[in-house]
Structure formats: structure tokens, C-alpha cells
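Residue strings, one per chain:
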Amino acid sequence: MVKTLRPRDYNEALYVGHFFRNKRVPVVMDLTDLPDDVARQFVDFAAGLVFGRRGDMERLSPKVFLLVPHGQPKPTVLPTTSG
């Protein structure tokens, strides 16, 4: 299972943390609908989350990132992020 999130504002960072930390599922964070400054805040948040939890973060496209919790395999098939 991979959770895809398309946040509308920074307040939704809570959901990224919830699925990554509590549910321990890989998260695709699609920031394409956010302004650059808000997207940058999400990337900073995610980088700290991943570092603190010893996970992995990979850029899939300019504003789409995959966050994988420590000990979880990297998904081989990702959900589409368009539409």
C-alpha cells in the first residue's frame, strides 16, 4: 500500500506525518498544486521527518516525492500522480 497525498496548504503536513510515522506506509507527496514557497516548506518538513525516522526520500518529479519509512521496501509500482 502506498498513500498518495495532494495537500492544499501547509496545515495538511499533519497527514504526511500520520501516514509515514503512525501507519508506516510509503507516502507519495504530490505538491504540484502548491505555490513554490509552501512546497518548499513541505519538502523541509518531509526531510526532517525522514531523517529523524531513518527513512528514505526520493524525488519522483519536480514537485512529487516518495517517502519510505525505515524497514519498509521501496514500492516497485507507484500510483499515478496525475488526474
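In what follows, the structure referred to is the one given above.
A. Looking closely at helix H1 (residues 13-22). The complete set of buried residues in H1 reads Ala13, Val16, Gly17, Phe19 and Phe20. After H1 finishes, the residue Arg24 shows a positive phi value of roughly 55°.

B. Main features of the environment of Phe20. For Phe20, the position within the fold is in helix H1. Residue classification places Phe20 among the buried residues on the basis of a relative accessible area of 1%. It is 18 Å that separates the C-alpha atoms of Phe20 and Lys63, two residues lying 43 residues apart in sequence. Non-local contacts of Phe20, meaning those with residues more than four positions away in its chain, are made with Val25, Val27, Leu49, Val50, Arg53, Gly55, Leu67, Val68 and Pro69.

Cut-offs used in this document
Residues numbered from 1 in each chain as written. Predicted model: local features only at pLDDT ≥ 70, side-chain atom pairs only at ≥ 80, totals over all residues. Heavy atoms only, no water. Buried < 20%, exposed > 50% of the residue type's maximum accessible area, 1.4 Å probe, protein only. Helix = DSSP H or I, 4+ residues; strand = E, 2+ residues; numbered from the N terminus. Contact = heavy atoms within 4.5 Å.

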